[in-house]
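These are the residues of each chain, in order.
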Amino acid sequence: MAPHEKPLGDGTRSVHAGVPPPAQGAPILPGPTFASYFHLEGDPAAAAYVYGRYGNPTWTLYERALGELEGGAAVVFASGMAAASAVLLPLLRSGDVLVAPSDGYPAVRSLAQGHLAECGVEVRLVPAAEPPSDEALRGARLVWLETPSNPALEVVDVAATASRAHGAGALVAVDNTLATPLGQRPLDLGADYCVSSDSKHLTGHGDLILGHVAVRDAERCDALVAWRTETGAVAGPFEAWLAHRSLATLQLRLDRQCETALALAERLLFRADVLDVRYPGLPRDPAHEVASRQMRRFGSVVSFTLDGRGRAERFLAACRLVGQGTSFGGVRSSAERRARWGGNDVPEGFIRLSVGCEDADDLIADVERALDVSAG
Ligand SMILES: Cc1ncc(COP(=O)(O)O)c(C=O)c1O
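Cut-offs applied
Residues numbered from 1 in each chain as written. Predicted model: local features only at pLDDT ≥ 70, side-chain atom pairs only at ≥ 80, totals over all residues. Heavy atoms only, no water. Helix = DSSP H or I, 4+ residues; strand = E, 2+ residues; numbered from the N terminus. Rg over C-alpha atoms; globule rule 2.2 N^0.38 Å. Buried < 20%, exposed > 50% of the residue type's maximum accessible area, 1.4 Å probe, protein only. Contact = heavy atoms within 4.5 Å. Areas by Shrake-Rupley, 256 points an atom, 1.4 Å probe, with all protein chains shown as cover. Lys, Arg positive; Asp, Glu negative; His and termini not counted. Charge placed at Lys NZ, Arg CZ, Asp CG, Glu CD. Core = buried A, V, L, I, M, F, W, Y, C linked by side-chain atoms within 4.5 Å. Pairing = 2+ DSSP bridges. Axes fitted to C-alpha atoms, helices over the stretch in contact; angles between N-to-C directions. Salt bridge = Lys/Arg side-chain N within 4 Å of Asp/Glu carboxyl O. Patch = residues over 30% accessible without salt bridge, like charges linked within 9 Å, V, L, I, M, F, W, Y side chains within 5 Å. 1 Å grid on protein atoms, 1.4 Å probe; cavity = no way out; pocket = protein on both sides within 12 Å on 5 of 7 lines; lining within 4 Å. Points joined across faces, edges and corners; volume = space filled by probe spheres on them. Nonpolar A, V, L, I, M, F, W, Y, C, P; charged D, E, K, R; others polar. Polar contact = N/O pair within 3.5 Å; in protein donor to acceptor, adjacent residues only side chain to side chain.

Colleague: I tried to follow the overall build of the protein on my own but got confused; where do I start?
Modeller: A tally of regular secondary structure across the protein gives twelve helices and twelve strands. In terms of overall size, the protein behaves like a compact globule, its C-alpha atoms giving a radius of gyration of 21 Å where 376 residues would be expected to give roughly 21 Å. Dimensions of the protein, computed from the C-alpha atoms along their principal axes, are close to 75 × 55 × 45 Å. Looking at the 376 residues of the protein, the share that counts as buried comes to 53%. By sequence separation, contacts in the protein at least 24 residues apart represent 71% of the contacts at least 6 residues apart. Total accessible area on the protein is roughly 16300 Å²; 54% of this is exposed by carbon and sulfur atoms. Charge separation in the protein, taken as the distance between the mean sites of 35 positive and 46 negative side-chain charges, equals 2 Å.

Laid out in C-alpha coordinates, this is it:
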(Lines give C-alpha, C1' and ligand atoms only; values in the text may rest on other atoms or scores of the structure.)
Protein backbone atom coordinates (compact mmCIF):
# COMPACT_ATOMS: atom_id res chain seq x y z
CA MET A 1 0.00 0.00 0.00
CA ALA A 2 1.38 3.46 -0.92
CA PRO A 3 1.86 5.75 2.13
CA HIS A 4 -0.95 8.13 1.11
CA GLU A 5 -3.51 5.36 0.65
CA LYS A 6 -6.25 4.87 3.24
CA PRO A 7 -6.07 1.42 4.90
CA LEU A 8 -8.72 -0.98 3.64
CA GLY A 9 -11.81 -1.50 5.78
CA ASP A 10 -12.53 -4.75 7.61
CA GLY A 11 -15.25 -5.76 5.16
CA THR A 12 -12.91 -5.35 2.19
CA ARG A 13 -10.11 -7.16 3.99
CA SER A 14 -12.39 -10.06 4.96
CA VAL A 15 -13.79 -10.45 1.46
CA HIS A 16 -10.38 -10.43 -0.22
CA ALA A 17 -8.32 -12.18 2.47
CA GLY A 18 -6.11 -14.88 1.02
CA VAL A 19 -7.72 -14.79 -2.41
CA PRO A 20 -5.00 -15.54 -4.97
CA PRO A 21 -4.20 -13.07 -7.79
CA PRO A 22 -6.58 -13.51 -10.72
CA ALA A 23 -5.50 -16.00 -13.36
CA GLN A 24 -7.21 -16.44 -16.71
CA GLY A 25 -9.84 -19.17 -16.50
CA ALA A 26 -9.11 -19.97 -12.83
CA PRO A 27 -11.76 -19.83 -10.09
CA ILE A 28 -11.62 -16.81 -7.77
CA LEU A 29 -11.22 -19.01 -4.71
CA PRO A 30 -9.92 -22.42 -5.77
CA GLY A 31 -11.91 -25.34 -4.41
CA PRO A 32 -10.55 -27.78 -1.82
CA THR A 33 -7.61 -29.89 -2.88
CA PHE A 34 -8.29 -33.46 -1.85
CA ALA A 35 -4.98 -35.26 -1.85
CA SER A 36 -3.25 -37.55 0.60
CA TYR A 37 -0.14 -37.31 -1.60
CA PHE A 38 1.03 -35.17 -4.51
CA HIS A 39 2.89 -36.18 -7.65
CA LEU A 40 6.53 -36.17 -6.63
CA GLU A 41 9.60 -36.96 -8.70
CA GLY A 42 13.17 -36.75 -7.49
CA ASP A 43 14.11 -34.22 -4.79
CA PRO A 44 11.13 -33.59 -2.42
CA ALA A 45 12.57 -30.18 -1.51
CA ALA A 46 11.76 -28.98 -5.04
CA ALA A 47 7.99 -29.54 -4.59
CA ALA A 48 5.60 -27.18 -2.77
CA TYR A 49 3.40 -30.07 -1.67
CA VAL A 50 4.46 -33.66 -1.13
CA TYR A 51 2.16 -35.37 1.38
CA GLY A 52 -1.20 -34.33 2.82
CA ARG A 53 -0.04 -34.27 6.44
CA TYR A 54 2.84 -31.91 5.60
CA GLY A 55 0.92 -29.31 3.64
CA ASN A 56 -2.08 -28.70 1.40
CA PRO A 57 -2.79 -25.78 -1.00
CA THR A 58 -6.22 -25.22 0.59
CA TRP A 59 -4.61 -24.73 3.99
CA THR A 60 -2.10 -22.37 2.43
CA LEU A 61 -4.80 -20.05 1.10
CA TYR A 62 -6.76 -20.09 4.37
CA GLU A 63 -3.55 -19.46 6.32
CA ARG A 64 -2.73 -16.51 4.07
CA ALA A 65 -6.18 -15.09 4.74
CA LEU A 66 -5.79 -15.52 8.50
CA GLY A 67 -2.29 -14.07 8.38
CA GLU A 68 -3.59 -10.93 6.66
CA LEU A 69 -6.32 -10.48 9.28
CA GLU A 70 -4.10 -11.30 12.28
CA GLY A 71 -1.04 -9.33 11.12
CA GLY A 72 1.27 -12.35 11.32
CA ALA A 73 1.77 -15.82 9.92
CA ALA A 74 -0.97 -18.35 10.65
CA VAL A 75 -0.85 -22.12 10.99
CA VAL A 76 -4.15 -24.00 10.74
CA PHE A 77 -4.93 -26.97 13.02
CA ALA A 78 -7.63 -29.62 13.29
CA SER A 79 -9.35 -27.77 16.17
CA GLY A 80 -8.95 -24.94 18.63
CA MET A 81 -7.61 -27.42 21.19
CA ALA A 82 -5.10 -28.78 18.65
CA ALA A 83 -3.98 -25.16 18.15
CA ALA A 84 -3.74 -24.55 21.92
CA SER A 85 -1.83 -27.82 22.40
CA ALA A 86 0.61 -26.87 19.65
CA VAL A 87 1.63 -23.85 21.72
CA LEU A 88 1.52 -25.41 25.18
CA LEU A 89 2.93 -28.91 24.74
CA PRO A 90 6.19 -28.32 22.84
CA LEU A 91 7.07 -25.15 24.75
CA LEU A 92 6.67 -26.26 28.34
CA ARG A 93 9.12 -28.63 30.00
CA SER A 94 9.46 -30.03 33.49
CA GLY A 95 10.26 -27.20 35.90
CA ASP A 96 8.69 -24.50 33.67
CA VAL A 97 5.93 -22.27 34.98
CA LEU A 98 2.65 -21.68 33.12
CA VAL A 99 0.37 -18.84 34.21
CA ALA A 100 -3.19 -19.40 33.00
CA PRO A 101 -6.73 -18.22 33.78
CA SER A 102 -8.52 -20.02 36.60
CA ASP A 103 -11.89 -19.37 34.94
CA GLY A 104 -11.21 -19.53 31.20
CA TYR A 105 -12.08 -22.28 28.72
CA PRO A 106 -12.03 -25.48 30.84
CA ALA A 107 -10.24 -27.79 28.36
CA VAL A 108 -7.14 -25.57 28.39
CA ARG A 109 -7.16 -25.62 32.18
CA SER A 110 -7.62 -29.38 32.36
CA LEU A 111 -4.80 -29.94 29.84
CA ALA A 112 -2.58 -27.73 31.99
CA GLN A 113 -3.56 -29.21 35.34
CA GLY A 114 -3.60 -32.74 33.99
CA HIS A 115 -1.00 -33.55 31.37
CA LEU A 116 1.31 -30.58 31.83
CA ALA A 117 1.33 -30.78 35.62
CA GLU A 118 2.03 -34.53 35.38
CA CYS A 119 5.02 -33.67 33.18
CA GLY A 120 6.39 -31.41 35.92
CA VAL A 121 5.09 -28.03 34.73
CA GLU A 122 4.05 -25.70 37.55
CA VAL A 123 0.62 -24.29 36.73
CA ARG A 124 -0.32 -21.00 38.38
CA LEU A 125 -3.98 -20.15 37.93
CA VAL A 126 -5.07 -16.52 38.15
CA PRO A 127 -8.56 -15.03 37.63
CA ALA A 128 -9.20 -14.04 34.00
CA ALA A 129 -10.36 -10.60 35.14
CA GLU A 130 -7.02 -9.69 36.70
CA PRO A 131 -3.59 -9.07 35.22
CA PRO A 132 -1.26 -11.68 36.80
CA SER A 133 0.59 -10.33 39.82
CA ASP A 134 4.39 -9.91 39.81
CA GLU A 135 4.53 -12.94 42.07
CA ALA A 136 2.56 -15.06 39.57
CA LEU A 137 4.84 -13.89 36.74
CA ARG A 138 8.08 -14.61 38.58
CA GLY A 139 10.04 -17.29 36.69
CA ALA A 140 7.17 -17.94 34.26
CA ARG A 141 7.87 -19.42 30.82
CA LEU A 142 4.44 -18.74 29.33
CA VAL A 143 1.49 -16.54 30.24
CA TRP A 144 -1.79 -17.73 28.74
CA LEU A 145 -4.53 -15.10 28.49
CA GLU A 146 -8.11 -15.54 27.37
CA THR A 147 -9.80 -12.23 26.71
CA PRO A 148 -12.74 -11.94 26.65
CA SER A 149 -12.90 -15.13 28.66
CA ASN A 150 -15.32 -17.98 28.16
CA PRO A 151 -17.82 -18.03 29.80
CA ALA A 152 -17.56 -15.06 32.20
CA LEU A 153 -16.55 -12.44 29.55
CA GLU A 154 -13.76 -11.04 31.69
CA VAL A 155 -11.22 -8.86 29.90
CA VAL A 156 -7.57 -8.30 30.68
CA ASP A 157 -5.23 -5.62 29.33
CA VAL A 158 -3.11 -7.55 26.81
CA ALA A 159 -0.55 -4.81 26.06
CA ALA A 160 0.17 -4.06 29.73
CA THR A 161 0.29 -7.75 30.68
CA ALA A 162 2.49 -8.64 27.69
CA SER A 163 4.96 -5.94 28.58
CA ARG A 164 5.15 -7.09 32.23
CA ALA A 165 5.35 -10.76 31.21
CA HIS A 166 8.14 -10.05 28.74
CA GLY A 167 9.94 -8.09 31.45
CA ALA A 168 9.73 -11.21 33.61
CA GLY A 169 11.16 -13.32 30.77
CA ALA A 170 7.88 -15.04 29.80
CA LEU A 171 6.20 -15.49 26.44
CA VAL A 172 2.54 -14.54 26.01
CA ALA A 173 -0.25 -16.43 24.25
CA VAL A 174 -3.74 -14.99 23.88
CA ASP A 175 -6.80 -17.11 23.16
CA ASN A 176 -8.62 -14.74 20.83
CA THR A 177 -11.59 -16.99 20.08
CA LEU A 178 -14.27 -14.70 21.48
CA ALA A 179 -12.84 -11.54 19.95
CA THR A 180 -11.74 -12.71 16.46
CA PRO A 181 -9.05 -10.76 14.57
CA LEU A 182 -11.68 -8.15 13.67
CA GLY A 183 -12.34 -7.60 17.37
CA GLN A 184 -8.76 -7.42 18.56
CA ARG A 185 -5.30 -8.24 17.24
CA PRO A 186 -3.22 -9.74 20.06
CA LEU A 187 -0.01 -9.70 18.00
CA ASP A 188 -0.32 -5.90 17.65
CA LEU A 189 -0.82 -5.71 21.42
CA GLY A 190 2.48 -7.51 22.04
CA ALA A 191 1.43 -11.18 22.32
CA ASP A 192 3.80 -13.80 20.93
CA TYR A 193 1.02 -16.24 20.02
CA CYS A 194 -2.58 -15.63 19.03
CA VAL A 195 -4.62 -18.82 19.39
CA SER A 196 -8.14 -19.32 18.04
CA SER A 197 -10.89 -21.87 17.87
CA ASP A 198 -12.09 -21.26 14.33
CA SER A 199 -15.03 -23.55 15.12
CA LYS A 200 -16.75 -20.37 16.38
CA HIS A 201 -17.04 -16.94 14.70
CA LEU A 202 -14.45 -17.42 12.00
CA THR A 203 -16.35 -20.23 10.35
CA GLY A 204 -19.62 -19.00 11.84
CA HIS A 205 -22.10 -21.62 10.69
CA GLY A 206 -21.77 -24.19 13.47
CA ASP A 207 -20.81 -26.90 11.00
CA LEU A 208 -17.12 -27.61 11.52
CA ILE A 209 -14.21 -27.83 13.96
CA LEU A 210 -10.97 -25.98 13.20
CA GLY A 211 -8.33 -23.81 14.86
CA HIS A 212 -5.25 -21.74 14.20
CA VAL A 213 -2.25 -20.07 15.79
CA ALA A 214 -0.80 -16.79 14.48
CA VAL A 215 2.74 -15.60 15.24
CA ARG A 216 5.21 -13.00 13.95
CA ASP A 217 8.40 -14.91 14.60
CA ALA A 218 9.46 -17.15 11.69
CA GLU A 219 11.10 -19.77 13.94
CA ARG A 220 7.95 -20.06 16.03
CA CYS A 221 5.94 -20.51 12.85
CA ASP A 222 8.28 -23.29 11.66
CA ALA A 223 8.02 -24.98 15.07
CA LEU A 224 4.21 -24.92 14.89
CA VAL A 225 4.25 -26.43 11.40
CA ALA A 226 6.72 -29.12 12.57
CA TRP A 227 4.50 -29.93 15.56
CA ARG A 228 1.45 -30.23 13.30
CA THR A 229 3.33 -32.52 10.92
CA GLU A 230 4.71 -34.69 13.71
CA THR A 231 1.52 -35.00 15.73
CA GLY A 232 -0.79 -35.10 12.71
CA ALA A 233 -3.17 -32.48 14.13
CA VAL A 234 -4.16 -31.54 10.59
CA ALA A 235 -7.28 -29.90 9.22
CA GLY A 236 -9.30 -31.54 6.46
CA PRO A 237 -9.11 -29.62 3.17
CA PHE A 238 -12.88 -29.30 2.97
CA GLU A 239 -13.03 -27.73 6.43
CA ALA A 240 -10.23 -25.32 5.53
CA TRP A 241 -12.00 -24.35 2.32
CA LEU A 242 -15.37 -23.85 4.06
CA ALA A 243 -13.60 -21.72 6.64
CA HIS A 244 -11.97 -19.56 3.98
CA ARG A 245 -15.29 -19.17 2.19
CA SER A 246 -16.97 -18.16 5.47
CA LEU A 247 -14.27 -15.62 6.28
CA ALA A 248 -15.59 -13.45 3.45
CA THR A 249 -18.71 -12.70 5.52
CA LEU A 250 -16.95 -12.36 8.89
CA GLN A 251 -17.30 -8.60 9.10
CA LEU A 252 -20.95 -8.68 8.00
CA ARG A 253 -21.85 -11.40 10.49
CA LEU A 254 -19.84 -9.99 13.34
CA ASP A 255 -21.10 -6.43 12.99
CA ARG A 256 -24.67 -7.66 12.98
CA GLN A 257 -24.04 -9.96 15.96
CA CYS A 258 -22.23 -7.29 17.98
CA GLU A 259 -24.95 -4.71 17.36
CA THR A 260 -27.70 -7.11 18.41
CA ALA A 261 -25.69 -8.38 21.39
CA LEU A 262 -25.36 -4.83 22.71
CA ALA A 263 -29.05 -4.13 22.15
CA LEU A 264 -30.00 -7.36 23.93
CA ALA A 265 -27.65 -6.69 26.84
CA GLU A 266 -29.04 -3.17 27.21
CA ARG A 267 -32.58 -4.52 27.26
CA LEU A 268 -31.74 -7.18 29.84
CA LEU A 269 -30.41 -4.50 32.17
CA PHE A 270 -33.97 -3.24 32.58
CA ARG A 271 -35.25 -6.57 33.87
CA ALA A 272 -35.24 -7.12 37.61
CA ASP A 273 -35.35 -10.89 37.08
CA VAL A 274 -32.07 -10.91 35.11
CA LEU A 275 -28.94 -10.56 37.21
CA ASP A 276 -25.30 -9.82 36.44
CA VAL A 277 -25.68 -9.00 32.76
CA ARG A 278 -22.21 -9.05 31.20
CA TYR A 279 -21.20 -7.75 27.79
CA PRO A 280 -17.88 -5.95 27.32
CA GLY A 281 -19.61 -3.43 25.02
CA LEU A 282 -21.92 -2.21 27.79
CA PRO A 283 -20.58 1.11 29.09
CA ARG A 284 -21.33 0.04 32.66
CA ASP A 285 -19.66 -3.38 32.31
CA PRO A 286 -16.61 -3.80 34.60
CA ALA A 287 -14.59 -4.88 31.53
CA HIS A 288 -15.66 -1.98 29.31
CA GLU A 289 -12.82 0.42 29.97
CA VAL A 290 -10.05 -2.04 29.10
CA ALA A 291 -12.14 -3.62 26.34
CA SER A 292 -12.68 -0.29 24.60
CA ARG A 293 -8.95 0.36 24.63
CA GLN A 294 -7.97 -2.91 22.98
CA MET A 295 -11.07 -4.14 21.14
CA ARG A 296 -12.72 -2.83 18.01
CA ARG A 297 -15.75 -5.08 18.34
CA PHE A 298 -17.06 -6.65 21.54
CA GLY A 299 -18.26 -9.99 20.22
CA SER A 300 -21.50 -11.91 20.05
CA VAL A 301 -21.68 -13.44 23.52
CA VAL A 302 -23.80 -12.01 26.34
CA SER A 303 -23.98 -13.65 29.74
CA PHE A 304 -26.47 -13.26 32.58
CA THR A 305 -27.81 -15.11 35.58
CA LEU A 306 -31.35 -16.24 36.30
CA ASP A 307 -32.67 -17.27 39.67
CA GLY A 308 -31.58 -20.91 39.87
CA ARG A 309 -31.29 -23.96 37.64
CA GLY A 310 -35.02 -24.52 37.16
CA ARG A 311 -35.69 -20.98 35.98
CA ALA A 312 -32.69 -21.10 33.61
CA GLU A 313 -33.83 -24.42 32.13
CA ARG A 314 -37.40 -23.17 31.71
CA PHE A 315 -36.07 -20.06 29.99
CA LEU A 316 -33.94 -22.07 27.55
CA ALA A 317 -36.80 -24.43 26.78
CA ALA A 318 -39.14 -21.49 26.11
CA CYS A 319 -36.85 -19.79 23.55
CA ARG A 320 -37.94 -20.32 19.95
CA LEU A 321 -35.13 -18.55 18.12
CA VAL A 322 -32.31 -19.39 20.53
CA GLY A 323 -31.24 -23.01 20.17
CA GLN A 324 -29.65 -24.94 23.01
CA GLY A 325 -26.04 -25.92 22.41
CA THR A 326 -22.52 -25.57 23.68
CA SER A 327 -20.90 -23.29 21.17
CA PHE A 328 -21.00 -19.66 20.13
CA GLY A 329 -20.23 -17.33 17.27
CA GLY A 330 -22.62 -18.91 14.75
CA VAL A 331 -25.28 -17.33 12.55
CA ARG A 332 -28.06 -18.94 14.62
CA SER A 333 -28.43 -17.76 18.21
CA SER A 334 -27.77 -20.38 20.84
CA ALA A 335 -27.45 -20.55 24.60
CA GLU A 336 -26.73 -22.88 27.44
CA ARG A 337 -26.83 -23.13 31.20
CA ARG A 338 -23.13 -23.28 31.69
CA ALA A 339 -23.18 -24.97 35.11
CA ARG A 340 -24.56 -28.14 33.50
CA TRP A 341 -20.96 -29.04 32.66
CA GLY A 342 -19.46 -28.52 36.12
CA GLY A 343 -15.86 -27.28 36.02
CA ASN A 344 -16.81 -23.60 35.73
CA ASP A 345 -17.35 -21.72 38.92
CA VAL A 346 -20.60 -20.10 37.76
CA PRO A 347 -24.03 -19.91 39.42
CA GLU A 348 -26.57 -22.64 38.59
CA GLY A 349 -28.69 -20.09 36.69
CA PHE A 350 -25.78 -18.64 34.65
CA ILE A 351 -26.62 -18.43 30.93
CA ARG A 352 -24.12 -17.90 28.11
CA LEU A 353 -26.05 -16.64 25.10
CA SER A 354 -24.48 -16.40 21.67
CA VAL A 355 -26.23 -13.84 19.50
CA GLY A 356 -26.66 -14.86 15.88
CA CYS A 357 -27.69 -13.01 12.75
CA GLU A 358 -31.46 -13.01 13.28
CA ASP A 359 -33.19 -9.62 13.16
CA ALA A 360 -32.47 -7.89 16.46
CA ASP A 361 -36.13 -7.12 17.16
CA ASP A 362 -37.15 -10.75 16.63
CA LEU A 363 -34.38 -12.09 18.83
CA ILE A 364 -34.92 -9.64 21.68
CA ALA A 365 -38.69 -10.23 21.58
CA ASP A 366 -38.09 -13.99 21.73
CA VAL A 367 -35.72 -13.70 24.70
CA GLU A 368 -38.10 -11.38 26.56
CA ARG A 369 -41.05 -13.67 25.88
CA ALA A 370 -39.08 -16.70 27.09
CA LEU A 371 -38.10 -14.79 30.23
CA ASP A 372 -41.74 -13.91 30.91
CA VAL A 373 -42.95 -17.45 30.26
CA SER A 374 -40.25 -19.02 32.43
CA ALA A 375 -40.96 -16.70 35.35
CA GLY A 376 -44.44 -18.14 35.89
C1 LIG B 1 -12.14 -19.84 24.27
C2 LIG B 1 -12.01 -21.19 23.64
N3 LIG B 1 -10.79 -21.65 23.33
C4 LIG B 1 -10.61 -22.87 22.76
C5 LIG B 1 -11.68 -23.68 22.48
C6 LIG B 1 -11.46 -25.03 21.87
O7 LIG B 1 -11.83 -25.01 20.52
P8 LIG B 1 -12.25 -26.33 19.70
O9 LIG B 1 -13.56 -26.77 20.24
O10 LIG B 1 -12.30 -25.83 18.29
O11 LIG B 1 -11.18 -27.35 19.92
C12 LIG B 1 -12.97 -23.23 22.77
C13 LIG B 1 -14.14 -24.08 22.47
O14 LIG B 1 -15.24 -23.82 22.92
C15 LIG B 1 -13.13 -21.96 23.37
O16 LIG B 1 -14.34 -21.50 23.70
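Still more ground to cover, so stick around.
Colleague: In this structure, what is going on with the nonpolar core? I would like to understand it.
Modeller: General note: in soluble globular proteins, nonpolar side chains tend to be found buried as a group. Formed by 45 residues in total, the largest nonpolar core has its most connected members in Leu268, Val302, Phe304, Phe315, Ile351 and Leu353. When residues of this core are traced back to their parent elements, those giving at least two are helix 2 (57–70), strand 1 (73–77), helix 8 (237–247), helix 9 (250–269), strand 9 (301–305), helix 11 (308–318), strand 12 (350–354) and helix 12 (360–375). With seven residues, helix 9 is the largest single contributor of residues to this core. Every residue in contact with Leu353, bar those within four places of it in the chain, is listed here: Leu264, Ser300, Val301, Val302, Phe304, Phe315, Val322, Ser334, Ala335 and Val367. Judged by nonpolar contacts, the second largest core, of 28 residues, contains Ala86, Leu111, Val213 and Val215.

Colleague: Is there a simple way to think about the sheet that holds strand 12 in this case?
Modeller: Hydrogen bonding along the main chain pairs the strands of a sheet, whether they run parallel or antiparallel. Here we have five strands laid out as an open sheet, ordered 8-9-12-11-10, and mixed in their pairing. Of all the strands in the sheet, just strand 8 (275–278) and strand 10 (323–324) have a single pairing partner and so form its edges. Bridging between strand 9 and strand 12 involves five bridges; their strand directions are antiparallel. In the strand pairing of strand 12, Val301 is matched with Ser354. Across the sheet, helix 9 lies against strand 8, strand 9 and strand 12, angled at about 15° from strand 9, the strand it touches most.

Colleague: Can you help me understand the pattern of salt bridges in this one?
Modeller: As a working rule, side chains carrying opposite charge can pair if their charged atoms are close by. For the structure on display, the rule yields 27 salt bridges. Taking the shortest distance from any N to any O, the salt bridge between Arg220 and Asp192 comes out at 3.6 Å. Here the residue Arg220 occupies a position in helix 7 (residues 218–231), and Asp192 occupies one in the loop between strand 5 (171–175) and strand 6 (193–197), the gap between them amounting to 28 residues. We classify Arg220 as partly exposed; its relative accessible area is 22%. Among the salt bridges present, the one from Arg338 reaches Glu336, with a minimum N-O distance of 2.6 Å. Take Arg338 and Glu336: they sit in the same class, and that class is buried.

Colleague: Whenever I open this one, a nonpolar patch on the surface confuses me. Can you help?
Modeller: Judged by side-chain polarity, Tyr37, Tyr51 and Tyr54 come together as a nonpolar surface patch covering roughly 380 Å² of accessible area. Tracing the backbone through its elements, the reader meets Tyr51 in the loop between helix 1 (10–16) and helix 2.

Colleague: What am I meant to see in empty space enclosed by the protein here?
Modeller: Using a probe with the size of a water molecule, rolled over the atoms, empty space left in the structure can be pinpointed. Here the structure, examined in full by the defined rule, presents three cavities of 30 Å³ or more. Lining the largest cavity are Val99, Pro101, Val126, Pro127, Ala128, Glu130, Pro132, Val143, Trp144, Leu145, Glu146 and Val156. Among the secondary structure elements, those contributing two or more residues to the lining of the largest cavity are strand 2 (97–101) and strand 4 (142–146). Top element by residues in the lining of the largest cavity is strand 4. It accounts for four residues. Looking at the lining of the largest cavity, its residues break down into ten nonpolar, no polar and two charged. In terms of lining residues, the second largest cavity is bounded by Pro148, Leu153, Leu178, His201, Pro280, Phe298, Gly299, Ser300 and Val301. Looking at the lining of the second largest cavity, its residues break down into six nonpolar, three polar and no charged.

Colleague: I would appreciate a short explanation of the environment of Leu182 in the present structure.
Modeller: Positionally, Leu182 belongs in the loop between strand 5 and strand 6. Exposure remark for Leu182: the relative accessible area of 0% places this residue in the buried category. Separated by 41 residues in sequence, Leu182 and Arg141 place their C-alpha atoms 28 Å apart. Among all residues touching Leu182, those that are not within four sequence positions of it are Asp10, Arg13, Ser14, Leu69, Leu250, Gln251, Leu254, Arg296 and Arg297.

Colleague: Would you explain the side chain of Ser199 in this entry?
Modeller: Following the sequence through the fold, Ser199 ends up in the loop between strand 6 and strand 7 (211–215). Here Ser199 falls in the buried class, since its relative accessible area comes to 8%. A polar contact of 3.1 Å, which involves the side chain of Ser199, links it to the backbone nitrogen of Leu210. When sequence neighbours within four positions are dropped, the list of residues in contact with Ser199 reads Leu208, Ile209 and Leu210.

Colleague: Honestly, unusual backbone geometry in this entry has me stumped. Any pointers?
Modeller: Backbone geometry follows two general trends: most residues other than glycine have a negative phi, and most peptide bonds adopt the trans configuration. In this model, Thr147 is joined to Pro148 through a cis peptide bond whose omega is -5°. Mapped onto the elements of the fold, Pro148 is located in the loop between strand 4 and helix 6 (158–167). Cis geometry is found at the peptide bond from Asn150 to Pro151, where omega equals 10°. Within the element layout of this structure, Pro151 appears in the loop between strand 4 and helix 6. One non-glycine residue, Thr180, lies in the positive phi region at around 70°. Along the polypeptide, Thr180 turns up in the loop between strand 5 and strand 6. Its identity as a non-glycine residue notwithstanding, Asp276 has a phi of 50°, on the positive side.

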